[in-house]
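Results of the structural survey
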Amino acid sequence: MAASSPTYDLTLLLDSTADADRRKKILADAQALIGQHGAVAGTHDWGVRPTTYEIDKQAAAEYHLIQFTSPAPRPLLEELDRTLPITDGVLRYRIIKQKLGVGSVPDLTVGAVEDTPSSDDDTDYDER
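Throughout what follows, the structure given in this document is the object of discussion. (Residues numbered from 1 in each chain as written. Predicted model: local features only at pLDDT ≥ 70, side-chain atom pairs only at ≥ 80, totals over all residues. Heavy atoms only, no water.)

A word on the packing of aromatic side chains
As a reminder of what qualifies: Aromatic contacts are taken between Phe, Tyr and Trp rings whose centres are within 6.5 Å, Trp giving its six-membered ring; a plane angle under 30 degrees counts as stacked, one over 60 as edge-to-face, and the others as tilted. Where helices and strands are cited, they refer to DSSP runs of H or I of at least four residues and of E of at least two residues respectively, numbered from the N terminus. The buried label goes to any residue with under 20% of its type's maximum accessible area, the exposed label to any with over 50%, and the partly exposed label to all in between, with areas taken from a 1.4 Å probe on protein chains only.
This structure, assessed with the given rule, holds 1 aromatic pair. Summarising the aromatic geometry, the rings of Tyr-8 and Phe-68 are spaced 5.4 Å apart at their centres and angled 15 degrees between planes, so their arrangement reads as stacked. Residue Tyr-8 is located in strand β1 (residues 7-15), and its partner Phe-68 is located in strand β3 (residues 58-69); the two are separated by 60 residues in the primary sequence. Like Phe-68, Tyr-8 is buried.

Below is the structure:
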């Protein structure tokens, strides 16, 4: 029985001050490159969010997640690692290979995050 191709997560932090057409082109180019070597399994636009620390003097970034599979991922990963760091408008990126059986991507859109209940309601810890 042949093993299925693993799923990868490509998280992109794009410069939120860059032109909207530029940001769309970056996403389209990444998806086209993935399409040449594999298949896009899902895309998630998480919108503009503050970063934990400033990146290139930017306090916020536009977050995107592209999930993909590839039967031969090495050339694709090498090409992404070559092109993304030198692409104007990409502040940071991260590629992570998912473990088999990992659940679905959480809904991190702005409205969904604000509607989540606070976790400090019923805490089980000692207040010593």
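Picking up after the structure, the text goes on.
Looking at helix α1 (residues 20-37)
As a reminder of what qualifies: Helix span, as expected, comes to 1.5 Å for every residue beyond the first. The arc in question is formed by the directions pointing from the helix axis toward the C-beta atoms. Should any heavy atoms of two residues lie within 4.5 Å, those residues are considered in contact.
An ideal rise of 1.5 Å per residue puts 26 Å on 18 residues; α1 measures up with 26 Å between its terminal C-alpha atoms. Along α1, the residues classified as buried are Arg-23, Ile-26, Leu-27, Ala-30, Leu-33 and Ile-34. For α1, the arc enclosing every buried residue in end-on projection is 125 degrees, short of the 170-degree limit, so these residues lie on one face. Facing away from the buried side of α1 by more than 90 degrees, the exposed set consists of Asp-21, Lys-24 and Gln-36. Looking at the packing, one finds that the buried side of α1 touches β1, β2 (39-55), β3, α2 (73-83) and β4 (90-97).

Remarks on unusual backbone geometry
In this structure, Asp-56 is a non-glycine residue whose phi angle is positive, near 50 degrees. Looking at the element boundaries, Asp-56 is found in the loop between β2 and β3. On the basis of relative accessible area, Asp-56 is assigned to the exposed category, the value being 56%. Unusually for a residue other than glycine, Lys-57 sits at a positive phi of about 65 degrees. Mapped onto the fold, Lys-57 is located in the loop between β2 and β3.

These figures come from the coordinates and say nothing about function on their own.
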